[in-house]
Amino acid sequence: MSRSMTLGMQLLLLQVAIVLTTVVGTGVTATWLQEQQLRDAYQDRMIAVAQSVAGLPVIIDAFDDADPSATIQAVAEVVRESSDVTYVVVANDAGIRYSHPNPDRIGEKVSTDPAIPLSGQIYVGTQTGTLGESWRVKVPIFDAAGGVMGQVSVGILESELRADFLDGLAVLLIALVAAAVIGVVGSAWIGRVIRRRIYGLEPDEIRAMLETREAMLHGIREGLVAVDDDGRILLMNDAAARLLDVPDAEAVLGERVDEVLDAELARFIASGEERETPVLSGERILLVHGDRVRVDSRDIGAIAILRDRTELEAMLRELQGAQGLAEGLRAQSHEFSNKLHVVSGLLELGHVDAAIAFIERVGSGGALSAVDEHDGISDVEIAALVLAKRSRAQNSASSSRSTPSRTSTPHPVRGLAPTS
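Residues numbered from 1 in each chain as written. Predicted model: local features only at pLDDT ≥ 70, side-chain atom pairs only at ≥ 80, totals over all residues. Heavy atoms only, no water.

Undergrad: So, the sheet that holds strand β7 (residues 276–281): which residues are in play, and what are the values?
TA: Within the open sheet, the five strands sit side by side as β6-β5-β9-β8-β7. Their pairing is antiparallel. Looking at which strands have only one partner, the edges of the open sheet turn out to be β6 (233–236) and β7. Across the sheet, the axes of successive neighbouring strands diverge by a mean angle of 25°, strand direction being ignored. By the bridge criterion, six bridges tie β7 to strand β8 (residues 284–295) in an arrangement that is antiparallel. When the sheet's bridge partners are listed, S281 is paired in β8 with R284. Strands β5 (223–228), β7, β8 and β9 (298–308) of the sheet are contacted by helix α9 (residues 263–271), whose axis makes an angle of about 20° with β8. (Pairing = 2+ DSSP bridges. Helix = DSSP H or I, 4+ residues; strand = E, 2+ residues; numbered from the N terminus. Axes fitted to C-alpha atoms, helices over the stretch in contact; angles between N-to-C directions. Contact = heavy atoms within 4.5 Å.)

Now the structure itself:
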């Protein structure tokens, strides 16, 4: 078919072709069966008529008369008219007719071979005789001793058979035409229903939408999982399979979501809650956005969009550790600066021993101080936290020592001005 032909027209033509093929095939089969039934019915009737005539005592006794046709012709004509056949012909074993619809043919030899009935068999078939081509039956006439003394031929013209067949065929043709019309109308209606179901889209548009959908679903980094109202997976893209550690996304389609995914994630997806929440799936931290799927104001399932927050969470933890370390270093630097001020003041005042004692008392310090390896802390975040807390404590203690309140005792170093 032409590529420019619409889908509706393609569906209509295809269905019409199917309907017409079915109707024609059915019609041919029904016609053949009807003809066979008609012939079988006539055959049964002709055999019954021929055997009844061959068994009539008046017919058998008439064979011994001086003029058998005088009796046999009258009986044969009565039987012919009452049985609605074309002819009933009775002949002797020599093939001489004793009856015939045309009296002028009485006394003549039959026009077809009588060998089969004279052999004691029944003949059924089509032959051409004095009246024309006919469907006929020939049966033998037996005498009292069981010998064949003649034959009875009963037949109907093929033209009459065809006329009867055509009379019955008219009704059959009317039924077939009605079936074809109903089929075509039904095909057009089905085409319209299908078009409505696919929103009037053409095959090229459907193919383009499918290709776009596949490219979008398998090209985006976010995972996408869709389930129906029964909680069975309808869709899972490659990103979702990777995030959820599913080996084959196609293999899980149709499976229940709680049999494939972690229990918490499966419950959230199946619930169809319209919210966003972090979910732990295996070793990954996923940010899951759930929503209901509605078509024509009907809820048909739920969908979940998955984003991997594992790397982001790790970076946030590292950032918090770095911030804690920087804060600790800043506090330590401030503390070290205070210590330097104290040492500088003591040295300027000439209190060298006091400066040395102060240095020995406060211990190591400065921006390069760190947590000793003997502390047993290897995690940088915890080490930064401990360092920051220690530096703040030391800074607070140093500030309280170097800056006495008005009611405190004098500074141990006489004449030393307080520093901040």
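More follows now that the structure is in view.
Undergrad: So what's going on with the packing of helix α1 (residues 7–54) against helix α5 (residues 158–197)? Residues and values would help.
TA: Where α1 meets α5, the closest approach of the two axes is 8 Å, and the angle between their N-to-C directions is 160°. With respect to each other, α1 and α5 are oriented roughly antiparallel. With respect to the hand of their crossing, α1 and α5 are arranged in right-handed fashion. Within the contact of α1 with α5, the residues separate by chemical class into 21 nonpolar, nine polar and five charged. (Parallel < 35°, antiparallel > 145°, perpendicular 65-115°, else oblique. Left-handed = near helix turned anticlockwise from the far one by under 90°. Nonpolar A, V, L, I, M, F, W, Y, C, P; charged D, E, K, R; others polar.)

Undergrad: How would you summarise unusual backbone geometry if you had to cite specific residues and measurements?
TA: Glycine aside, residues mostly have negative phi angles, and peptide bonds mostly take the trans form. The phi angle at D84 is positive, at roughly 60°, despite the residue not being glycine. Position of D84 among the secondary structure elements: in the loop between α3 (68–83) and β1 (87–92).

Undergrad: Explain the pairing of strand β3 (residues 132–142) to me, and be specific about the residues and the numbers.
TA: In terms of burial, β3 is largely enclosed, as eight of its 11 residues are buried. Where strand β2 (residues 123–129) meets β3, seven bridges bridge the pair, whose relative direction is antiparallel. In the sheet register, G125 faces β3, and the bridge partner there is R136. A loop of two residues connects β2 with β3, the two strands running antiparallel in sequence. Pairing analysis gives nine bridges linking β3 to strand β4 (residues 148–157), with the strands arranged antiparallel. Paired with I141 across the two strands is G150, which belongs to β4. Taking the residues that link successive antiparallel strands as the turn, the β3-β4 hairpin has five residues, and the phi of G146 there is positive, at about 90°. (Buried < 20%, exposed > 50% of the residue type's maximum accessible area, 1.4 Å probe, protein only.)

Undergrad: With reference to specific residues and values, describe the sheet that holds β3.
TA: With antiparallel pairing, four strands are arranged side by side in an open sheet as β1-β4-β3-β2. Each edge of the open sheet is held by one strand with a lone partner, namely β1 and β2. Here the average twist between neighbouring strands, direction ignored, is 30°. Packing against the sheet, α5 makes contact with β2, β3 and β4, and its axis sits at approximately 45° to β4.

Undergrad: Tell me about the pairing of β8, and please be specific about residues and values.
TA: With antiparallel pairing between neighbouring strands as the criterion, β7 and β8 make up a hairpin whose turn holds two residues, including G282 at a positive phi of roughly 65°. Alignment of β8 against β9, held across 10 bridges, turns out to be antiparallel. Looking at the pairing, G290 lines up with A304 of β9. Counting the residues that bridge the hairpin from β8 to β9 gives two residues, and of these D296 lies at a positive phi of roughly 55°.

Undergrad: Outline α3, listing residues and values.
TA: With 16 residues, α3 extends 22 Å between its outermost C-alpha atoms, agreeing within 8% with the 22 Å of an ideal straight helix rising 1.5 Å per residue. When we look at burial in α3, the residues that qualify are P68, S69, I72, Q73, A76, E77, V79, R80 and S83. Mapping the buried residues of α3 onto a view down its axis gives an arc of 165°, with all of them on the same face. Of the exposed residues in α3, the ones pointing more than 90 degrees away from its buried face are A70, V78, E81 and S82. The elements touched by buried residues of α3 are α1, α2 (57–62) and β1. Just past α3, the residue D84 takes up positive phi, approximately 60°. (Expected span 1.5 Å × (residues − 1). Arc of directions from axis to C-beta.)

Undergrad: I'd like a description of empty space enclosed by the protein, backed by residues and values.
TA: The tally for this structure, following the rule as stated, stands at two cavities of 30 Å³ or more. Its volume calculated, the largest cavity comes out at about 160 Å³. Contributing to the lining of the largest cavity are 16 residues, with Y87, V89, R97, S111 and R136 lying nearest its centre. Counting residues per element, the ones that place at least two in the lining of the largest cavity are β1, β3 and β4. When residues of the lining of the largest cavity are assigned to their parent elements, the largest contribution, four residues, is made by β3. (1 Å grid on protein atoms, 1.4 Å probe; cavity = no way out; pocket = protein on both sides within 12 Å on 5 of 7 lines; lining within 4 Å. Points joined across faces, edges and corners; volume = space filled by probe spheres on them.)

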